[in-house]
Amino acid sequence: MPPLPKNDNPIDITQIAQALGISKTTVSRAISGNGRISAATRQRVLDYVKEHNYTPSMMARGLVKRCSYNISLVISTQFSDFELPFLRKVMRSVYQVAGDSDYDVLLTLVGENETRPVERLLDNRKIDGLILTRTLERDPLIPLLKARKVPFVAIGQPEDDQVLSVDHDQVGGCREMTSLLLMKGMKHIALLGGSMLYTVNQSRLEGFRQAYVKMGQKIDESLLFLELESDDLRMEAVQQAVERGADCILCMDERLAQLTLNMLKQLNLRVPQDIRLASLYDNENLVNTVPPISAVQFNADILGLKATQQLLCALQGQPVETRMELGLPGKPAGIDADVKSERTPRGVRFFCLTHQTVYIFRKMYKMGQNKTKSPELQIQAIRDLIGFIEEP
C-alpha cells in the first residue's frame, strides 16, 4: 500500500494502520513498546512514523502511561489578585519548566483550611502532581496529599520534614538584616507582620529573635505587631510603633513596607532621617520607592524553577532532595539572596552588609586590635567602619 503523502498535516494512529495494513492496536503497541508483536512489524511501524514525523498526542501518551501531563499550582485565595510580584515570578518559572517537559499547569485557588478544590482535581484524575506556593501550620493539604500518594512539592518550610520542599534561608536572611540594623545603633525596632499561620512568617520572626540573641540585646515586646491581616490593622500598628518610640520599622513583606512608607509620609516623618524603614522581603516595586527601602532580596524565579524540577523528578521516579534550601551569598547553596542598599543620588547611603562583610570587618578589627577580645569593642569598630563608609 502506498504511503501517505508527506505534508504538514498531522497524522494519527488510524491513518498509520490503514497505510501499513495492520490494526490500530498493533500500531499502538509498536509505538509504546508494550505488548507482543514481532520485531519486524515494530520496526516497520517505527520507520513509518519517523518518515512522517508522527508525534503521539498528549492524550494518547497519557492513556498509555496513565497520566494527565498536568500539574497543579496551588495558590492561597488570600493572594488571588496576583498583585504580588513573588507569585507572578513563581508562576512564570513553573510554566516555563513544566512546558519544556510537555506538562500543562492548572492554577488552583484554595482557602487556608480548604481542601475540596484539590480533592476534586484528584478525584477526576486531572493532575499528576502539585506545587504548593505556601506552607501553613497544620496545613490540611499535606496529610491529604500524603494519604492519596500524590507527588507534591512545597515552596517554604512545612512542619513535616519528610515533605519535598524548596525555600531560601528565610531565618538566616532575616537574622542578617536585623543584626545589621542593631549594629547601626537601632535601639527600638518595631516588627510588623501578617498571619503567623504561614510558616514563612514564623521563620522571619525566628530570624529576628536570633539576631537579638546574637547581638546580646533584648527585644521590646511592645513593638511586635503580628497578625496584621487588614490595612486598618496595619496602619494602626504603624501609628502605635511611632507613638511607642520606634526608631526603625521592620516589615515582614514588601506590601506591608509600601503601606508603612505611605503612612509615615502622612505622619510627616522622613525616611531615613526621622525613622528607619526596612523589609524582610524585596521586589521591584521597592526599588523605585522614594526614598528607597532597604530589603532582603530573594529570588522567586529560582524557587519556582527548583520546585518544578523537583516535582518532575519525583513524577519520573528519580531521587530528589527532600529539603532544598537556597542559602544566602557565600554559602554553598546560595542563589541571588542579598541585602539591598538604600540608594541616593550621592551613592550608597544605607550600606547594608551580608554576613560575609560583617565577618571581614570583624577580622579587620582583630588584625588591628589583636590585644582585646571584647565583643562590644568589635561591634563598635564595625559601627565606626559603617559610619566611615556612609560619609558623603
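Preceding this paragraph is the structure being described.
Residues numbered from 1 in each chain as written. Predicted model: local features only at pLDDT ≥ 70, side-chain atom pairs only at ≥ 80, totals over all residues. Heavy atoms only, no water.

Caption draft 1: Molecular detail of the overall build of the protein chain. Across its full length, the protein chain carries 15 helices and 14 strands. When burial is assessed residue by residue, the protein chain has 46% of its 392 residues classed as buried. Considering only intrachain contacts with a sequence separation of at least 6, the fraction spanning at least 24 residues in the protein chain is 65%. Just so you have it, the protein chain exposes about 19,900 Å², and 50% of that area is on carbon and sulfur atoms. (Helix = DSSP H or I, 4+ residues; strand = E, 2+ residues; numbered from the N terminus. Buried < 20%, exposed > 50% of the residue type's maximum accessible area, 1.4 Å probe, protein only. Contact = heavy atoms within 4.5 Å. Areas by Shrake-Rupley, 256 points an atom, 1.4 Å probe, with all protein chains shown as cover.)

Caption draft 2: Structural context of the nonpolar core. The biggest cluster of nonpolar side chains holds 50 residues, and the ones touching the most others in it are Ile189 and Leu250. With 7 residues, the single largest contributor to this core is helix α5 (residues 85-100). The contacts of Leu250, once residues within four sequence positions are left out, are Met177, Thr178, Leu181, Ile189, Ala190, Leu191, Leu192, Phe208, Ala278, Ser279 and Leu280. Formed by 22 residues, the second largest nonpolar core is a distinct cluster that contains Phe225, Ala246, Cys251 and Leu277. (Core = buried A, V, L, I, M, F, W, Y, C linked by side-chain atoms within 4.5 Å.)

Caption draft 3: Just the packing of helix α8 (residues 170-183) against helix α9 (residues 199-215), in detail. Following both chains from N to C, one finds α8 and α9 inclined at 40 degrees, their axes separated by 7 Å at the closest point. With respect to α9, the axis of α8 lies oblique. Our pair here, α8 against α9, has a crossing hand that is right-handed. Taking contact as the criterion, the partners of Gln170, Val171, Cys174, Arg175, Glu176, Thr178, Ser179, Leu182 and Met183 in α8 are, on α9, Val200, Ser203, Arg204, Glu206, Gly207, Phe208, Gln210, Ala211, Tyr212, Lys214 and Met215. Across the contact of α8 with α9, the residue classes tally to 9 nonpolar, 6 polar and 5 charged. (Axes fitted to C-alpha atoms, helices over the stretch in contact; angles between N-to-C directions. Parallel < 35°, antiparallel > 145°, perpendicular 65-115°, else oblique. Left-handed = near helix turned anticlockwise from the far one by under 90°. Nonpolar A, V, L, I, M, F, W, Y, C, P; charged D, E, K, R; others polar.)

Caption draft 4: Main features of the side chain of Ser165. Following the sequence through the fold, Ser165 ends up in strand β5 (residues 165-168). Residues in contact with Ser165, not counting those within four places in the same chain, are Val153, Ala154, Gly156, Pro158, Gln310, Thr322, Arg323 and Met324.

Caption draft 5: Just the environment of Arg234, in detail. Inspection of the secondary structure puts Arg234 in helix α10 (residues 231-243). With 42 residues separating them along the chain, Arg234 and Leu192 place their C-alpha atoms 7.9 Å apart. Excluding residues that lie within four positions of it along the chain, Arg234 makes contacts with Leu192, Leu228, Glu229, Leu256 and Leu259.

Caption draft 6: Looking closely at the packing of aromatic side chains. Summed over the entire model, instances satisfying the criterion amount to 4 aromatic pairs. Between Tyr69 and Tyr103, the aromatic rings sit 5.2 Å apart at their centres with planes inclined by 45 degrees, giving tilted as the arrangement. One end of the pair, Tyr69, is in the loop between α4 (58-65) and β1 (70-76); the other, Tyr103, is in the loop between α5 and β2 (104-110), and 34 residues separate them in sequence. Residue classification places Tyr103 among the buried positions, given a relative accessible area of 12%. (Phe/Tyr/Trp six-rings, centres within 6.5 Å; stacked < 30°, edge-to-face > 60°.)

Caption draft 7: Focus on α9. Along its 17 residues, α9 runs 24 Å from first to last C-alpha, staying within 8% of the 24 Å computed at 1.5 Å per residue. Burial in α9 covers these residues: Thr199, Asn201, Ser203, Arg204, Leu205, Gly207, Phe208, Ala211, Tyr212 and Met215. Directly beyond the C-terminal end of α9, a positive phi value near 70 degrees is found at Gly216. (Expected span 1.5 Å × (residues − 1).)

Caption draft 8: Up close: the pairing of strand β8 (residues 248-251). Here β8 shows a buried face lined by Cys248 and Leu250 and a second buried face lined by Ile249 and Cys251. Where strand β6 (residues 189-192) meets β8, 4 bridges bridge the pair, whose relative direction is parallel. Of the residues in β8, the one forming a bridge with Ala190 is Ile249. Taken together, the 4 bridges between β8 and strand β9 (residues 276-279) define a ladder with parallel strand orientation. When the sheet's bridge partners are listed, Ile249 is paired in β9 with Leu277. (Pairing = 2+ DSSP bridges.)

Caption draft 9: Seen up close, unusual backbone geometry. For the peptide bond that leads from Val271 to Pro272, omega is 5 degrees, which places it in the cis range. Mapped onto the elements, Pro272 comes out in the loop between α11 (254-266) and β9. In this structure, Tyr69 takes a positive phi of about 60 degrees despite not being glycine. A positive phi is found at Arg125, a non-glycine position, where the angle reads about 55 degrees.

Caption draft 10: Fine view of the packing of helix α6 (residues 116-123) against helix α7 (residues 141-148). Their axes nearest at 11 Å, the elements α6 and α7 cross at an angle of 15 degrees. Classified by the interaxial angle, the pair formed by α6 and α7 is roughly parallel. The way α6 lies across α7 gives a crossing that is right-handed. Contacts from Val118, Glu119, Leu122 and Asp123 of α6 reach α7 at Leu141, Leu144, Leu145 and Arg148. Residue composition of the contact of α6 with α7, by class: 5 nonpolar, no polar and 3 charged.

Caption draft 11: Spotlight on α8. With 14 residues, α8 ought to run about 20 Å at 1.5 Å a step, and its terminal C-alpha atoms sit 20 Å apart, in line with that. Summarising burial for α8: 13 of the 14 residues are buried, a large majority. Positioned one or two residues after α8, Gly185 has a phi angle of 95 degrees, which is positive.

Caption draft 12: Geometry of the pairing of strand β4 (residues 152-155). Burial of the side chains of β4 extends over both faces: Phe152 and Ala154 are buried on one face and Val153 and Ile155 on the other. Pairing analysis gives 3 bridges linking strand β3 (residues 129-132) to β4, with the strands arranged parallel. Residue pairing in the sheet places Ile131 in a bridge with Val153 of β4. Looking at chain direction, β4 and β5 are connected through 2 bridges and run parallel. Note on β5: the bridge partner recorded for Ile155 is Val166.

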